[in-house]
Amino acid sequence: MAIQTIKVPDIGGAEGVEVIEISVKVGDVIAENDSILVLETDKASMEIPASVGGKVVAIKVNLGDKVSEGTALIDVEAEGAATQAAAPAPAASPEPTKAAPVAAAALTPTASAEVTLSVPDIGGAEGVEVIEINVKVGDEVAQGDSLIVLETDKASMEIPAETAGKILSIAVKVGDKVSQGATIAIVASAGGASTASSAPVSAAPAAAPAPAKVESAPVAAAATSAPKAAAVEEVVQTGDVYAGPAVRKLARQLGVDLGKVSGSGPRSRLLKDDVRNYVKPIVQAAQSGASLGGGSGIPVLPVIDYSKFGEVEIVKMSKIKKLTADAMTRSWLNVPRITQFDDADITDLEVFRNSMKAEAEKRGSKLTPLPFIVKAVAAALVAEPSFNVSVHQDNESIVHKKFVHIGIAVDTPNGLLVPVVRNADKKGLFELADEINVLAKKARDGKLTPAEMQGGCFTISSLGAMGGNGFTPMVSAPTEVGILGVSRAQMKPVWNGKEFIPRNMLPLSLSYDHRAVNGADAGRFMTYLTGVIGDLRRLLL
Ligand code: CAO
């Protein structure tokens, strides 16, 4: 069996054309006309078909190589006696030729500034299906913007606008079969008739030169043979990737593997937006550090166009909301979180609190259940220090804290802020109540300093005023390992061994970082906490 070398065929005189895909590997058995690789100029991609079938024994080019007519591409152990004397034209059928360059949507000037954009020379192909319309009436298109996509059984072609302007009407619809000269759209062009008449390859259909036969047409590298006019962009299907040259170029510039991108165009064709939408969340996550969970390869979320489902308004997140979103994502991805639930009996606490209300008001304090909870949590952190720690950044050590600073989650118009009450274990109830009120007001007024939000050992997130039976708060990583969610207290029947009695029960949810805290530690912490909240005298022990 003879070894035959398949070379770059006539590609319309183009020189130094880049190899962007190699579709075969050594050992593959290929048939004549199978695509062996894809070349790309800045305006068109071309599949190079095998001129002879057989077994691939050597590949002589690499991705990124620049090739010209006659460059050896692969060696094939050919089955037949065919020679490589005449390489056939590449597979894509409606190729432009030197003699009949593919023009952009050809222009026919009409009255005043209206210009008719029609199907240019598409290599003699007749009745080619319109598979996509990329513009709508009223759109402003720039020269070179894709108007429609046509598809034969072998290739798809984007037809770009030869002139910029506003689309006044569209003459085709998806599924129509068109040939050279068919009107695509009418645009109101600032350049108008003069633009049309000066366009180098624009011609009314009747005046277009007769295209060469497709079978004998060399690969036309529309880019190289067509004068300045924008070329028809061929969309090539290779492997699982179905995309045009502009999309492929964008993907290469961004380092995107198109095989990983889902196409949203007709027949899953890849559009530039698909590439952008693929890249955007990855870049955003990298910038925020949000999905850098140790290179865990978290799949990105798809981008959804909600306007498809109804009217929407897009409002930018405040800076605080964005920071919170990043912090929450970091916590979610890095902290193995467990949440334990329990109810604290605050019947007696409420009796005491109500008895103190008048005195509190007299000294200008607002005594809600929260300062009591802060006091109890501070005592729990001292009694059960397993919660008063941080996981060291070496991931091998634990930082034990000898101070008790407690963060209070505050809901503000701009988002969630967590000011810190320092040395909460050493402060009295009124002092705690006043400090919480001052910090909460500063948070709502946007007057907290960074220092007032740093150094917390543990956070309390109280939704008691809003309602709910329980929730699973997020641990504020990396500085803290625990957070207490406080929900709305309500009267419940509690069994005392003899009978059900009405008690005021406060639902608590304790989330913790299971890297630092064990379930048994959490159980002890919660039992201590509910015990103190249930009977404040325990604080004296
Ligand atoms: N059960 C029943 N009633 C409760 C309660 C509870 N757990 N907690 C508070 N209340 C009552 C208070 O007693 C007060 O009623 P009175 O005026 O009759 O005494 C009323 O609810 C309003 O309280 P408040 O909200 O003004 O004060 P607070 O001390 O409970 O909370 C603050 C202060 C700053 C924590 C709160 O205003 C806030 O911003 N909470 C939101 C926290 C948040 O968004 N957490 C979610 C973070 S995401 O994890």
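These figures come from a predicted structure and were not determined experimentally.

Conventions used here
Residues numbered from 1 in each chain as written. Predicted model: local features only at pLDDT ≥ 70, side-chain atom pairs only at ≥ 80, totals over all residues. Heavy atoms only, no water. Pairing = 2+ DSSP bridges. Helix = DSSP H or I, 4+ residues; strand = E, 2+ residues; numbered from the N terminus. Core = buried A, V, L, I, M, F, W, Y, C linked by side-chain atoms within 4.5 Å. Buried < 20%, exposed > 50% of the residue type's maximum accessible area, 1.4 Å probe, protein only. Contact = heavy atoms within 4.5 Å. Polar contact = N/O pair within 3.5 Å; in protein donor to acceptor, adjacent residues only side chain to side chain. Near = heavy atom within 4 Å. Areas by Shrake-Rupley, 256 points an atom, 1.4 Å probe, with all protein chains shown as cover. Nonpolar A, V, L, I, M, F, W, Y, C, P; charged D, E, K, R; others polar. Lys, Arg positive; Asp, Glu negative; His and termini not counted. Salt bridge = Lys/Arg side-chain N within 4 Å of Asp/Glu carboxyl O. Phe/Tyr/Trp six-rings, centres within 6.5 Å; stacked < 30°, edge-to-face > 60°.

Asker: What is the right way to read the sheet that holds strand S1 (residues 3-7) from this model?
Answerer: Here we have four strands laid out as an open sheet, ordered S1-S8-S6-S3, and antiparallel in their pairing. The open sheet has two edge strands, S1 and strand S3 (29-30), and neither has a second partner.

Asker: I tried to follow the nonpolar core on my own but got confused; where do I start?
Answerer: Taken as a class, soluble globular proteins show a tendency for nonpolar side chains to be buried jointly. One finds Ile406, Ile460 and Leu529 to be the most contacted residues of the largest nonpolar core, which totals 51 residues. When near neighbours in sequence (up to four residues on either side) are disregarded, isoleucine 460 contacts Leu370, Ile373, Val374, Val377, Ile406, Gly407, Ile408, Ala409, Leu484 and Val486. Ranked by size, the runner-up nonpolar core spans 22 residues in total, among them Val17, Val24, Ile36 and Ala50.

Asker: Help me out: how do you make sense of the environment of serine 146 in this one?
Answerer: Checked against the element boundaries, serine 146 lands in strand S13 (residues 146-151). C-alpha of serine 146 to C-alpha of glutamate 162: the two residues are 16 residues apart in sequence and 9.6 Å apart in space. Polar side-chain contacts of serine 146 include one of 3.3 Å to the side chain of glutamate 158.

Asker: What is the right way to look at the side chain of threonine 412 in this model?
Answerer: Inspection of the secondary structure puts threonine 412 in strand S24 (residues 410-412). Classification of threonine 412 as buried rests on a relative accessible area of 8%. Contact partners of threonine 412, with chain neighbours within four places excluded, come to Leu417, Ala443 and Arg444.

Asker: Looking at this structure, I do not really get the sheet that holds strand S5 (residues 45-49). What am I missing?
Answerer: In sheet architecture, strand pairing relies on hydrogen bonds along the backbone and comes in two forms, parallel and antiparallel. On the basis of which strands lie adjacent, the open sheet formed by four strands has the order S5-S4-S2-S7 and antiparallel pairing. Each edge of the open sheet is held by one strand with a lone partner, namely S5 and strand S7 (66-67). Across two bridges, strand S2 (residues 17-22) lies against S7 in antiparallel orientation. Bridged to glutamate 18 within S7 is lysine 66.

Asker: What is the right way to read the site of the ligand from this model?
Answerer: Neighbouring the ligand are 23 residues, the closest being Lys366, Thr368, Arg444, Ser461 and Ser487. Between the ligand and aspartate 411 there is a distance of 2.9 Å, counted from an oxygen atom to a backbone nitrogen or oxygen. Measuring from a nitrogen atom of the ligand, one finds a side-chain N or O atom of serine 461 at 2.9 Å. The fraction of the free accessible surface of the ligand (960 Å²) that becomes covered by protein chains is 73%. Looking at the shell around the ligand residue by residue, the classes come out as 12 nonpolar, five polar and six charged.

Asker: What am I meant to see in the side chain of glutamate 47 here?
Answerer: Within the secondary structure, glutamate 47 sits in strand S5. Comment: no salt bridge for buried glutamate 47; closest opposite-charge side chain is arginine 248, at 7.1 Å. A polar contact of 2.8 Å, which involves the side chain of glutamate 47, links it to the side chain of serine 35.

Asker: Can you walk me through the pairing of S2 in this structure?
Answerer: Remember that side chains alternate between the two faces of the sheet whenever the strand is regular. Strand direction decides the pairing type here: S2 and strand S4 (residues 35-40), joined by four bridges, are antiparallel. Counted as the bridge partner of valine 19 is leucine 39 from S4.

Asker: Please explain the packing of aromatic side chains as it appears in this structure.
Answerer: Per the counting criterion, the structure on display carries six aromatic pairs. Taking the centre distance of 6.1 Å and the plane angle of 75° together, the rings of phenylalanine 387 and tyrosine 512 count as edge-to-face. One end of the pair, phenylalanine 387, is in the loop between helix H7 (369-383) and strand S21 (389-391); the other, tyrosine 512, is in strand S30 (residues 500-513), with 125 residues separating them in the sequence. Of the residues examined, tyrosine 512 reaches a relative accessible area of 4% and is grouped as buried. Among the aromatic residues, those joined into a ring-pair cluster are Phe387, Phe458, Tyr512 and Phe525.

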